[in-house]
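The chain contents come next:
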There are 2 protein chains.
Amino acid sequence: MSKGEIALVEWLRARFPADPARVPIGIGDDAAAVRLDSPLVAITTDMLLDGVHFDTERHGYELIGRKVMACSLSDCAAMACNPRAATVSVALPRTMAIEDVRELYEGIARIAEEYECSLVGGDTTSWAGRLAIDVAMLAEPMAPCGPVRRSTAVLGDTIFVSGPLGGSLAGRHLTFTPRIALARALAVDPALHAMMDISDGLSLDLFRLCRASGCAAELYADQLAKAISDDARAQAEQDGRSPLDHALSDGEDFELLVVGGQDLRKFKLLPVGAIRPCKPGADLMVISQPDGRREPLAPRGYEHLT
Amino acid sequence: MSKGEIALVEWLRARFPADPARVPIGIGDDAAAVRLDSPLVAITTDMLLDGVHFDTERHGYELIGRKVMACSLSDCAAMACNPRAATVSVALPRTMAIEDVRELYEGIARIAEEYECSLVGGDTTSWAGRLAIDVAMLAEPMAPCGPVRRSTAVLGDTIFVSGPLGGSLAGRHLTFTPRIALARALAVDPALHAMMDISDGLSLDLFRLCRASGCAAELYADQLAKAISDDARAQAEQDGRSPLDHALSDGEDFELLVVGGQDLRKFKLLPVGAIRPCKPGADLMVISQPDGRREPLAPRGYEHLT
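None of these values were measured; they are calculated from a predicted model.

As for the overall build of chain A
- A count of helices and strands for chain A gives nine helices and twelve strands.
- At 20 Å, chain A has a C-alpha radius of gyration in line with the 19 Å of a compact globule built from 306 residues.
- Its C-alpha atoms put chain A at 70 × 45 × 30 Å along the principal axes.
- By the burial criterion, 60% of the 306 residues in chain A qualify as buried.
- In the structure as shown, chain A presents an accessible area of about 11800 Å², 50% of it carried by carbon and sulfur atoms.
- Between the averaged position of the 31 positive side-chain charges in chain A and that of its 43 negative side-chain charges there is a distance of 4 Å.

Observations regarding the side chain of T44 of chain B
- Along the polypeptide, T44 of chain B turns up in strand β2 (residues 40-49).
- Side chain to side chain, T44 of chain B and D75 of chain B meet in a polar contact 3.1 Å long.
- Sequence-distant contacts of T44 of chain B, defined by excluding residues within four places in its chain, comprise D30 and A31 of chain A together with S72, D75, C76, V135, A136 and M137 of chain B.

Considering the interface of chain B and chain A
- With 68 residues of chain B in contact, the opposing surface of chain A contributes 70 residues.
- A combined buried area of about 6000 Å² lies between chain B and chain A, and 58% of that area is made up of carbon and sulfur atoms.
- If you look at where chain B meets chain A, you find eight salt bridges.
- Among the salt bridges present, the one from E10 of chain A reaches R211 of chain B, with a minimum N-O distance of 2.5 Å.
- Taken together, the links from chain B to chain A amount to 24 residue pairs in polar contact (both at pLDDT 80 or more).
- Among the elements that make up the side of chain B that touches chain A, the one with the highest residue count is β2 of chain B (nine residues).
- Across the side of chain B that touches chain A, the residue classes tally to 36 nonpolar, 14 polar and 18 charged.

Focus on the state of the cysteines
- On inspection of all chains with the given rule, the structure shows zero disulfides over all chains.
- Free of any disulfide, C71 of chain A has its nearest cysteine sulfur in C76 of chain A, 11 Å distant.

A short note on the packing of aromatic side chains
- All chains considered together, the criterion is met by five aromatic pairs over all chains.
- Where W127 of chain A meets W127 of chain B, the ring centres are 6.0 Å apart and the plane angle is 20°; that geometry is what we call stacked. Within this pair, whereas W127 of chain A is found in strand β4 (residues 118-127), its partner W127 of chain B is found in strand β4 (residues 118-127), the two belonging to separate chains.
- Taking the relative accessible area as the measure of exposure, W127 of chain A reaches 2% and is therefore buried.
- Aromatic pair F16 of chain B and Y105 of chain B: ring centres 6.5 Å apart, planes at 70°, arrangement edge-to-face. Within this pair, whereas F16 of chain B is found in the loop between α1 (3-15) and β1 (32-35), its partner Y105 of chain B is found in helix α3 (residues 98-114), the two being separated by 89 residues in sequence.
- For R15 of chain A, the ring lying beneath its charged end belongs to F16 of chain A, and the centroid distance is 5.9 Å.

Digging into the sheet that holds strand β9 (residues 255-260) of chain A
Residue and element names in this part refer to chain A.
- Pairing in this open sheet of seven strands is mixed, and the strands run β7-β9-β6-β10-β8-β11-β12 from one edge to the other. A strand with exactly one partner marks an edge of an open sheet, and here the two such strands are β7 (192-198) and β12 (294-296). Neighbour to neighbour, the strand axes of the sheet diverge by 25° on average, direction disregarded.
- When strand β6 (residues 158-161) meets β9, the two strands line up antiparallel, connected through four bridges. By the bridge assignment, F160 is partnered in β9 with V258.

Some remarks on helix α5 (residues 180-187) of chain A
Residues and elements named next belong to chain A.
- Looking at α5, one finds that the buried residues are I180, L182, A183, L186 and A187. Buried positions in α5, seen along its axis, are confined to an arc of 155° and lie on one side of it.
- Tucked into the core, α5 has its buried residues touching α2 (61-78), β3 (81-93), β7 and β9.

Observations concerning the relation of the copies chain B and chain A
- In screw terms, the move from chain B to chain A is a rotation of 180° and a rise of 0.0 Å along the axis, fitting with an RMSD of 0.0 Å. Here the transformation between the copies is reduced to the relation of a two-fold axis. Looking at the rotation axis and the C-alpha trace of chain B, the residue lying nearest is P39 of chain B, at 2.2 Å.
- Most of the interface of chain B is mirrored in chain A: 100% of its interface residues are interface residues there too.

Let's talk about the domain arrangement of chain A
Residues and elements named next belong to chain A.
- Domain assignment breaks chain A into domain 1 (3-141) and domain 2 (158-296).
- One C-alpha centre belongs to domain 1, the other to domain 2, and the line joining them spans 29 Å.
- With 19 residues of domain 1 in contact, the opposing surface of domain 2 contributes 17 residues.
- Across the domain 1-domain 2 interface, the total number found is one salt bridge.

What about the environment of T152 of chain B?
Residues and elements named next belong to chain B.
- Position of T152 among the secondary structure elements: in the loop between β5 (132-141) and β6 (158-161).
- The exposure class assigned to T152 is partly exposed, which follows from its relative accessible area of 35%.
- Distance in space between the C-alpha atoms of T152 and C215 is 9.6 Å, their sequence separation being 63 residues.
- Ignoring sequence-local partners within four residues, the contact set of T152 consists of H193, A194 and S213.
- Polar contacts involving the side chain of T152 include one to the main-chain carbonyl oxygen of H193, which spans 2.6 Å.

Definitions and limits used
- Residues numbered from 1 in each chain as written.
- Chains lettered and ligands numbered in written order.
- Predicted model: local features only at pLDDT ≥ 70, side-chain atom pairs only at ≥ 80, totals over all residues.
- Heavy atoms only, no water.
- Helix = DSSP H or I, 4+ residues; strand = E, 2+ residues; numbered from the N terminus.
- Rg over C-alpha atoms; globule rule 2.2 N^0.38 Å.
- Buried < 20%, exposed > 50% of the residue type's maximum accessible area, 1.4 Å probe, protein only.
- Areas by Shrake-Rupley, 256 points an atom, 1.4 Å probe, with all protein chains shown as cover.
- Lys, Arg positive; Asp, Glu negative; His and termini not counted.
- Charge placed at Lys NZ, Arg CZ, Asp CG, Glu CD.
- Polar contact = N/O pair within 3.5 Å; in protein donor to acceptor, adjacent residues only side chain to side chain.
- Contact = heavy atoms within 4.5 Å.
- Buried area = accessible area lost by both parts, 1.4 Å probe.
- Salt bridge = Lys/Arg side-chain N within 4 Å of Asp/Glu carboxyl O.
- Nonpolar A, V, L, I, M, F, W, Y, C, P; charged D, E, K, R; others polar.
- Disulfide = S-S within 2.5 Å.
- Phe/Tyr/Trp six-rings, centres within 6.5 Å; stacked < 30°, edge-to-face > 60°.
- Lys NZ or Arg CZ within 6 Å of the ring centre and 35° of its normal.
- Pairing = 2+ DSSP bridges.
- Axes fitted to C-alpha atoms, helices over the stretch in contact; angles between N-to-C directions.
- Arc of directions from axis to C-beta.
- Least-squares fit on C-alpha atoms with pLDDT ≥ 70 in both.
- Domains from an automatic or database assignment.

If you want it as structure tokens, here you go:
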């Protein structure tokens, strides 16, 4: 066993002390053990890769660590579940300095503490390849009715987003706030019907929600215009694509896509459309202009497997 | 969204149907939900990398899929926990054929079914790098006393291994049987005190158990000789290292390291030594010969961070 590995695991155990009431077995055994409030547990996992989801040549390791946790926290918010515990597996480049590894875990630690999510274990490997990080996060439903799914949209529902979209690669993809607090408020409102997070672009994630719910969606161009981020507008000026196109397909927004009664607007959500019946042969998603013109909207966003 | 990704996720959902009683939310949402028997859940995670833990140039994808699951199943056995659910995150090389991806998941599916562990979710990403796979597995204690740890060895305990060691790279590292059935028998025996699996080599993993339990270990050379695998002997003939050296440090055995009363021998375990008091300045591990000679044993095995 190398001194590097002994030192790292001992540092991790000290940096991530386990609260025995919540985490009877923490870092250092073949498995961790977590005590939950109930026997229904949600689990979400995110694999983030150097050169795809972050860039070690440009981004600090602490921000990278923050992002890997924030992505899973966003999934917890999307399901209306409170994060409880996480494991972090890393494939470290053999050339990576131990100080950089610690900085990565420091970023993980800070956001984990902020959201009261215990780091309970993981796996530490090294190879000739680039940095890969996988987080598995355990969570519990925020409300007695259980996790909120993407498959339970209701005809006539309003479609909301929790914030402006597009252009997140300018920096927001590393620094975004997982919408845990908002999800806690939404989770106990009976007007909430379906939810997911926007990780691959609104047009692609809404497409998935429609497929899962067996419905179609109509987006209103005038409302969409108010859901375009400043980053999307700045990006559009540079690359000639439209700001709306950025908002619909850039991905990595990590805002919530919220579907339910229009009363949910009180949570400062941005309405962008409505849930419509799914008709055979018709477009699953359309954008309608104030003058009544309608254009089909194709799902375009971040493609994981091309 | 590419046709490849849509087709893969739909194939995965069909290939891994969720039992609604056990898995209220399966593949396809932001998180899965699993219903456990109790609110104490164990979680273990293993990151396996091409060129380190398997070799896509030489090993079939189905065997690779089998191995990633088997490693986590072995961790569950080591903690005396029944596997319940797993997530699998993959970083796929962009050049990997979709048929190979399916074959990988087929290997995962078969062993998951064999051990009644539901695949409930994961993450599918692709990049210019090599194949990386991370499994997170949820498990529940086999016995009411909870998970069995590596930190609870008792002075005078016998040290056992569940099978012969060394030379697993000849093939056993891909095809080994996770010792779930054995663990179930051991878990209800009060003579069982501590356990872990041998993943990085007996000398290294026993060293970890001694450190965690605050004890030392004496291994008996004559008993160790009976715990050397045929693979280790064959390997030794080729490379000139001793068979014992292979048995002590090759790693990837995935047998159980079992510590407890000598009565545990009835489970067909191989005794190899005894737990001794830890004395300041003395060696943590020694090998003693039948004639009384004692030699210190250094922890040597698979080094993750060098």
